Amino acid sequence: MNRLTSKQRKLIYLITWMVLMVPIGLMGMPGQGILAQRRIKYDLGEATLGAVDPASSTLNLVLLGMRGIAANLLWMEADHLKETKNWSELEQRVNSIILLQPHFKQVWQYQSWNLAYNVSAECDRVQDRYYWVKRGIKFMMEGTERNRHVPELFHDTGFYLGNKIGTSDEKLQFRRYFLDDPMDEIYQDGPDDEINPEGIDNYLVARQWYEIANQLVEDDYQQHKMAEELFLAYPYRAQISYATALQSMGNPLTEEPEWDKSREAWVRAYDGWTGEFGRILIEVPIPPLEIQIRLEPDDEAAFDEMLTQQTESFIENVPDAARLTVIRGAQDAARQTCSYIYWRLRCNTEQNEQMAAARRSYFEGKRLFYEAPQDFTAAQASLYSSMESYQAVVTEFPELIEATDTDVLEDALKAVIVWQDIIINKHGETLPDDYPLKTIWEDPRYTYAKEEYLSQFLAWQGGGL
Amino acid sequence: MFREVLPFDILGGFTLWLMTTASLVGVILGIALLVSLVLHGGAFLGNFSRGTREVLVDLVDVSPRRIGAIMQVTIKESVRRKALLVFVVFVIVFMFANWFLGGDDELSSAKPYISTVLMALNWMIIPVALLLSCWGLPADIKDRSLHTVVTKPVRRSEVLLGRMLGYCAVSLVMLAAMGAVGYVWIIRSVPELARDQLIGRVPQYGTLKYLGDDGVVGIGKNVGDMWEYRSFVSGGTKSCGVYTFEKIDTEAIRAAGVMRLEYKWEAFRTYKGDIETPVRFRIYLINPDTELTVRISTRDFEIQEFAVGSEDTVIDIPIAGISPRPGADGEFYVTAAGADLASVGGQFDPQHLNLVDDLIADGKLIVRAYCVDNMQHIGMARHDLFIRLPDRPFMVSYAKSVLNTALMVILIVVLGTTASCFLKGPVATILTFGLIILGQGLREMMDDLLKQFYDKESPGILGGGPLESAYRLLHQMNQQSELPENLGTQFIENADQGIMHTVGLTRNFFPNFNHFDTREFLANGFDIPFDASVLAALAVTASFVLPCYVIGYLSLRFRELEVK
């Protein structure tokens, strides 16, 4: 028989609650409590993961155990909205999903890709496409704010800025918009300062994001996206892309090539590739070992230094005599993975005067050939000069056209195609017996590439090159 | 707009209601007669007629004063139960809603803002109406306050009506206040760029058929979209979309001096082409009688996929000043192709063509839309092109939307109060909530299943009825696999037939809550059509009031109040 009155019972509940609160409070006390310490140690607290979103935390509490179901429903709705091309609502739904799963990196990756790549491709106007590319990038940037220790998200932001803006079909327009946003009513002839606060080239902004991602990896936050040497190469590859873009596309606003700026960019690219990237200590997994190597340099002293960096497990498992061979092998493998030698050579040759002359003459020859008023004679001379320069470069650095990257080979072959077209079709003459790049033109190894560029040229009356 | 907008068939709806109500009354009278027979034996007829008369008097002869008094008590009681706090919650929600939606200058759509308000309105007022109406009467019975009331000269029908009206009053006042706050929030929060989307466009839709590449009527092309809402016409061919508009209000157009055509087509490219120039289209107006064909503008129009709701997708065609010859390139005006003029008959002055007199025949007009660019495509759906009648203010559309919500609230209160007459609070809540869910989410599915079931050409549901579906689920079978031929299968199929017939017979007892949903209209900047939406909502609510009143009264009259 319960002899306690209602008031007494309530008092007991209150006291019990207060007593239980004491240990919970002590354990959870910021800084000293065991729970708080564990949270910091294992990076589990909201504050340690990234920006705290009160709505997100509250929502998770309110939903109790139903968060998964709610997230599933929202994903289904988002899919439906995408299928029915309801973009603005899709974006809202994606934002709701994020409220439920703010630290689930795949949500950020999947949905930002969705906006920047899939949704943007559905629009017909280039301005509309750019709008959705920006929405995808901004979404990913928000992801990095909420997940400050996830290198992949920073890396992906850099990738969108570099890859989507710099290499898509609309790259000329996108690169221009990146400096001069088409939404003039908001950005007044300037860039969207949320994604480009300094008003610089997209590749340079991409490089900044890649650098943050690299910093996180160096701070021991793991990335699970690709081999470490590939991942770490991205900021330096962005610098290379920047230099290449200055040559091939020129200034995004004027579309005029900037040769001096381009050479400066190549100098910086070379310094970055060999002086910074090449000197990072990289962990190469060769099971069961983890071998620490640097990509540069490859002399005896460097290998001796690398030997001192190896783990205890390496020392225990690899016999003394084989250690240097294993380290050399690991360096070789890592170099191949990221085409280290090729890019070192490329950065080096692009600073070369002959290479710069080849690029310049090719660009000028193409312009004279395509743009009104066309001057075929001047174009022929310019292209010939370009072919001569390319021939000199290739003779000095044959590895350039033998590598997997076909950029130099492509420009060299295209110069020959246009030059031959002028002689045969425009001037009605026959080709001379000998001309620069003839050996490459007739080399059977390049038949496939040659035919592909030729068909592009014929299909688009030269416009495709 | 992806939903078919059809005017509500008021006559058909009323006939159906009459039949359903008559059958319900028949069932009630049958039960009453049976009960009378069992209880009174030979004197059953007299007792039955006396009872029926009493019921009728109770239902009809009600005192507004007494109803008013009960209504007043109900309102006081609801206020005391802090029902109005929901309004405070609503205001708090919208104080912070801008955290999630606002602050983004680029967000150029008003849609999320409008959807958010309408969703919040719905999901806050529904629980209030549900809980108030379902728990009021059972609480009265539990507290025995109803015992006191029924000893007074007040009819039970008056108690029921007073309760219903009281709950409606409380809920509606709250809804009105929340609606006003929501409206102010939308006006203040929608970004500058999207302000022009806060309108109530009044569309007049036509019908659409497609001509194939050879100019013969076909079905349009599928460019690989999973969503088959639009079909595509090919550029540089005879393929086009043929919209036929009927019952055009020529006087309104004459008064405005202009006919406005609005489109929302979609481009699809089979090759990149000139990416900076959008895919282009061309529009012709055709008189269905004389076949006089007029091309709108010598310029080709460029697709504007993301300017929906703004003026960029509207083509204004002046009714006078149609020139028989093409004019200067780039100048916007209406021109007729010379060849077309020469090739048609009919009485018209080629120097003074007039849109209304020469192109619209008995309120009928044909519009043909072609894609200009070779090998590119334009996707068209019926609702993608309409004649835009003068816009209504956003406030009017918003008010209609709130009115629809108000009608839904009334229906919920009526259903909830009726359920509470014969069930306890929690059970009544579950029942009413179940009806809402059924009427909102499952009703369309149910209608779709029944459509498949009664389809004359290929009757039968994909994957079978409920039992067959359960069997397939358990055996992890897909929807197409044949079931084994045995007695069990026969039983399942026959049972499913019975279940589906029952569903078909009883579906009209479940209110269709989809008629109250106005989000798609309002969020897409359309005026809410009175005949297709408001009238339908009104009809649904009205049709349930009387039957619920009768059922509720009978339950209250015959229930034993001491049974708690």
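Quantities reported herein were computed from a predicted structural model and do not represent experimental measurements. In every chain, residue numbers begin from 1 and rise along the written sequence. Written order decides the labels, with chains lettered from A and ligands numbered from 1. Local features in a predicted model are, by the rule used here, given only for residues with pLDDT of at least 70; side-chain atom pairs are given and counted only at 80 or more, and totals for whole chains, interfaces and linings are based on all residues.

**Observations regarding the overall build of chain A**
The criterion, for reference: Comment: elements are numbered from the N terminus, with helices defined as DSSP H or I runs of at least four residues and strands as E runs of at least two. Restricting the calculation to C-alpha atoms gives the radius of gyration, and the globule rule supplies 2.2 Å times the number of residues raised to the power 0.38. With C-beta atoms placed from the backbone, a residue is buried if 20 or more other C-beta atoms are within 10 Å of its own, exposed if 12 or fewer are, and partly exposed between those counts. By definition, residues are in contact whenever their C-beta atoms, placed on the basis of the backbone, come within 7 Å of each other.
Broken down by element type, chain A carries 24 helices and two strands. Here the C-alpha atoms of chain A give a radius of gyration of 29 Å, more than 25% beyond the 23 Å that 2.2 N^0.38 yields for 465 residues. Going through the 465 residues of chain A one by one, you find that 36% of them count as buried. Long-range contacts, defined as pairs at least 24 residues apart, comprise 62% of the intrachain contacts of chain A with a sequence gap of at least 6.

**Side note on the interface of chain A and chain B**
What counts, and what does not: Residue classes follow a fixed rule: Ala, Val, Leu, Ile, Met, Phe, Trp, Tyr, Cys and Pro count as nonpolar, while Asp, Glu, Lys and Arg count as charged, and any other residue, Gly among them, counts as polar.
Each side of the interface is counted separately: chain A has 18 residues, and chain B has 19 residues. For the side of chain A that touches chain B, the elements supplying multiple residues, two or more each, are helix 6 (87-100) and helix 8 (126-146) of chain A. Ranked by residues supplied to the side of chain A that touches chain B, first place goes to helix 6 of chain A with four residues. Across the side of chain A that touches chain B, the residue classes break down as five nonpolar, five polar and eight charged.

**As for the pairing of strand 1 (residues 282-286) of chain A**
Condition: A pair of strands is labelled paired if DSSP reports no fewer than 2 bridges between them.
By the bridge criterion, five bridges tie strand 1 of chain A to strand 2 (residues 289-293) of chain A in an arrangement that is antiparallel. Following the sheet pairing, A:V284 is matched in strand 2 of chain A by A:I291.

**Some details on the packing of helix 9 (residues 151-167) of chain A against helix 10 (residues 171-179) of chain A**
Residue and element names in this part refer to chain A. What counts is decided by this rule: Working convention: axes come from line fits to C-alpha atoms, limited for helices to the stretch in contact. Angles between N-to-C directions cover 0 to 180 degrees. Working definition: roughly parallel below 35 degrees, roughly antiparallel above 145 degrees, roughly perpendicular at 65 to 115 degrees, and oblique for all remaining angles.
Packing of helix 9 against helix 10 brings their axes to within 6 Å, and their N-to-C directions diverge by 125 degrees. Taken as axis vectors, helix 9 and helix 10 run oblique relative to one another. For the pair helix 9 and helix 10, the contacting residues are I165, G166 and T167 in the first and K171, F174, R175 and F178 in the second. For the contact of helix 9 with helix 10, a count of residues per class yields three nonpolar, two polar and two charged.

**What to know about the confidence of the model for chain B**
Residue and element names in this part refer to chain B. For clarity, the cut-off: pLDDT measures how confident the predictor is about each residue, on a scale from 0 to 100.
Across chain B, pLDDT averages 83, with 90% of residues at or above 70. Summarising per-element confidence for chain B, the mean pLDDT is lowest in helix 10 (residues 338-343) (44) and highest in strand 5 (residues 240-245) (96). This model gives residues 326-333 a pLDDT under 50, and the stretch forms 13 contacts once residues within four places in sequence are excluded. Note that pLDDT drops below 50 for residues 336-346; the model gives that stretch 19 contacts with residues more than four away or on any other chain.

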